[in-house]
Each structure stands twice: as C-alpha cells, then as structure tokens.
Amino acid sequence: MSESVAYLWAAVGCLVAVAGVVVAVVALRRSRSRPTAAGGPGDPLRDRDSDALRGDPRRLKPGDIVEIRSVSYAVRGTIRLVEGGWSWAEHLLDDTGGVRRWLSVEEDPELELVLWAAEPGATVTPGAPTIDFDGRRYHWDESGQARYTSTGTTGLDPSGTMRYHDYQAPGGARLSFEAYGEAGWEVARGETLLRAEVMIYPQAEVD
C-alpha cells in the first residue's frame, strides 16, 4: 500500500513539474510576441486627410516637387532648425523660370506654411518693436538663435547657427531677418498659405 501511495505522489510530482514548464514556455512566448508600446499619442486634430491627398509638408525634402497656387517648384535644398524644444524647416524652391522662393514649415502647434521672397535691397534692420516696410507696419513677434543642418543646395555650410527676428502685419503678412553664422542680416517678406494651396509630389530617392 505504501509503495502505491509513493508511486502516486511521484506521478503527481512529475505532472506538476511538466505543467510548470508548459506555463513558463507559454508565458515566455507571449512576452516575446507582445507588441511594443507606441512612441506616444499622435495629434488628434492633425489633418491626416489633407496629408494623404495633398502630401505631407513635414516630409518635404530636396528633389521633391511642390505646387503652390498652381505654380510648380523644385525643392533645391532644405534647412532644418532646432531651438530648445522647437524645430522647423525652410525649403529653397526654384521654378522653371529661375524664380526662387523659400517655404517654411512649422507646427506651433498648428501646421503653418509661409511662402517667402528675399528682399535684397531692403535697408531696414531688426530690433525695433515695429518696422515700416513697403507701405506696411510690421510688429515684432519673436527672436532667437537656432542651430541648423543643411542638405541639398542652400548656399550654407552643412551645419551652424542662425539668428533671427520675426515680425507680423495684419492679414498674415510676415517680415523676417535671418543671419547665418557671421553673415549679415538677410531680409525676406512672407505670406501665410492655406493648406489647400499647397500640393506635394514626393520624388523617389535614388541610391
């Protein structure tokens, strides 16, 4: 009788050991197959429909084609800037007639697109609370210094620093002063764009 009981207990012990191994294997497989957590919640108000239909300006890069108000431009170069926790991009555009513009892309927090034209003959300088230029009065908005990296054709070093002063006028008009490295101030006048005024045609990257 004692031998039967001992055999029974031995059998139960073996079953418990086997069950433990099975549970451990299943748990290990589940832990390996569990999807990783997302990098963070996305913007619930982001206009993903426009991104899908018209292209995402945040992904614009040298070589892409962008159509603004029915005018097509090639993206010649891109400057990406970082100041503290903020970042934005400026893209050098060139049309078939050789006209050059800059397109700035920033989320602050809404997506903001501004089309810029250089004003090489401007004699105004930044720093004052208001600036009168070409019949408009611009009010100071922000200023600072950022680090940049440059890709494609921009006329700049691959990386460096940039100082800026930004002004605004009613109706979405902008006036910007930028100085890269030790260079002097460059003046540009800008106007904000509606998302529907911009269409992007990404070009495949060539190895």
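Computed from a predicted model, the values in this text were never measured in an experiment.

Trainee: Quick question: what am I supposed to make of the overall build of the protein chain here?
Mentor: Helix and strand content of the protein chain: 2 helices and 11 strands. When the helices and strands of the protein chain are placed in sequence order, the string is α-α-β-β-β-β-β-β-β-β-β-β-β. For the protein chain, the proportion of its 207 residues judged to be buried stands at 30%. Considering only contacts within the protein chain whose residues lie at least 6 apart along the sequence, 48% involve residues at least 24 apart.

Trainee: When you look at the packing of aromatic side chains in this model, what are you seeing that I'm missing?
Mentor: Aromatic rings considered in pairs are described by the distance between their centres and by the relative angle of their planes. The full count for this structure, using the stated rule, is 3 aromatic pairs. Consider the rings of Trp 88 and Tyr 164, whose centres lie 5.9 Å apart with planes at 75 degrees: the pair is edge-to-face. Highlighted residues: Trp 88 in strand β3 (residues 86-94) and Tyr 164 in strand β8 (residues 159-169), separated in sequence by 76 residues. Among the residues examined, Tyr 164 registers a relative accessible area of 6% and is labelled buried.

Trainee: Looking at this structure, how should I read the pairing of β8?
Mentor: Where strand β7 (residues 136-152) and β8 come together, 10 bridges link them in antiparallel fashion. Residue pairing in the sheet places His 139 in a bridge with Gln 168 of β8. Here β7 folds back onto β8 in antiparallel fashion, the turn holding 6 residues, of which Gly 155 has a positive phi close to 80 degrees. Two strands pair when backbone bridges link them, and β8 and strand β9 (residues 173-180) are joined in this way by 8 bridges, in the antiparallel orientation. Across the sheet, residue Gln 168 finds its bridge partner in β9, namely Arg 174. Here β8 hands over to β9 after 3 residues, with Gly 171 in that stretch at a positive phi of 85 degrees.

Conventions adopted
Residues numbered from 1 in each chain as written. Predicted model: local features only at pLDDT ≥ 70, side-chain atom pairs only at ≥ 80, totals over all residues. Heavy atoms only, no water. Helix = DSSP H or I, 4+ residues; strand = E, 2+ residues; numbered from the N terminus. Buried < 20%, exposed > 50% of the residue type's maximum accessible area, 1.4 Å probe, protein only. Contact = heavy atoms within 4.5 Å. Phe/Tyr/Trp six-rings, centres within 6.5 Å; stacked < 30°, edge-to-face > 60°. Pairing = 2+ DSSP bridges.

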